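Each chain, written out:
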Amino acid sequence: QVQLAESGGGLVQAGGSLRLSCAASGLTFSRYAMGWFRQAPGKERAFVAAINLNGDYTPYGDSVKGRFTISRDNTKNTVHLQMNSLKPEDTAVYYCAAKLGVLSRQSPVYDYWGQGTQVTVSS
């Protein structure tokens, strides 16, 4: 049974930082591209970042480029999202997702999803 477990969310002031983690189990992690998506109240789920199998390609959504960094550790089956210079508009539930093979910015093609972790940025 595949499980993706996010952690690290919370409440932070604008300008602050948070580091999200996603621990994967039940799959061959090194065969899966990983992605982070977010969904704010009343909005559609949006692409945040993704990372390919060996970690050398990491596209970002335009709104987070230069502030967020995605990374993965294939020895620990984990993916991280370092979020710096947080803004109130970053407030959302953040989801980790896994896709077999090539990464994508499109959420419908991901195979597995975590339950999400809430990130709230106060002004």
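Figured I'd write up the structure that's included with this text. (Residues numbered from 1 in each chain as written. Predicted model: local features only at pLDDT ≥ 70, side-chain atom pairs only at ≥ 80, totals over all residues. Heavy atoms only, no water.)

**As for the pattern of salt bridges**
A pair can form between side chains of opposite charge whenever their charged atoms are brought close.
Thought 1: According to the stated counting rule, one finds three salt bridges in the structure shown.
Thought 2: Between Asp90 and Arg38 there is a salt bridge, with the nearest N and O atoms lying 2.9 Å from each other. Pair noted here: Asp90 is in the loop between β7 (78-83) and β8 (92-100) and Arg38 is in strand β4 (residues 32-39), with a separation of 52 residues, a long-range link. For the pair formed by Asp90 and Arg38, the shared burial category is buried.
Thought 3: Among the ionic pairs, Asp62 bridges to Lys65, the shortest N-O distance being 3.2 Å. Judged on exposure class, the residue Asp62 and its partner Lys65 are both exposed.
Thought 4: Taken together, the shared-partner salt bridges connect Arg38, Arg67 and Asp90 into one network. (Salt bridge = Lys/Arg side-chain N within 4 Å of Asp/Glu carboxyl O. Helix = DSSP H or I, 4+ residues; strand = E, 2+ residues; numbered from the N terminus. Buried < 20%, exposed > 50% of the residue type's maximum accessible area, 1.4 Å probe, protein only.)

**Digging into the state of the cysteines**
Thought 1: In the structure shown here, the tally under the stated rule is one disulfide.
Thought 2: Through a disulfide, Cys22 is tied to Cys96; the S-S separation comes to 2.1 Å. Between Cys22 and Cys96 the sulfur-sulfur dihedral comes to about -75°; the bridge is accordingly left-handed. Remark: Cys96 occurs in strand β8 and Cys22 occurs in strand β3 (residues 18-25); sequence separation between them is 74 residues.
Thought 3: The class for Cys22 is buried, based on a relative accessible area of 1%. (Disulfide = S-S within 2.5 Å.)

**Remarks on the side chain of Thr117**
Thought 1: Its location among the elements puts Thr117 in strand β10 (residues 117-122).
Thought 2: Side-chain polar atoms of Thr117 contact the backbone nitrogen of Gly9, separated by 3.3 Å.
Thought 3: If sequence neighbours within four positions are ignored, Thr117 has contacts with Glu6, Ser7, Gly8, Gly9, Leu20, Ala92, Val93 and Tyr94. (Polar contact = N/O pair within 3.5 Å; in protein donor to acceptor, adjacent residues only side chain to side chain. Contact = heavy atoms within 4.5 Å.)

**Focus: the sheet that holds β3**
Thought 1: Across the sheet, four strands lie side by side as β1-β3-β7-β6; this open sheet has antiparallel pairing. Edge strands, defined here as strands with exactly one partner in the open sheet, are β1 (3-7) and β6 (68-73). In this sheet, adjacent strand axes meet at a mean angle of 15° when their direction is disregarded.
Thought 2: One ladder, built from six bridges, connects β3 with β7; its direction is antiparallel. Each residue of the ladder has a partner; that of Leu18, found in β7, is Met83. (Pairing = 2+ DSSP bridges. Axes fitted to C-alpha atoms, helices over the stretch in contact; angles between N-to-C directions.)

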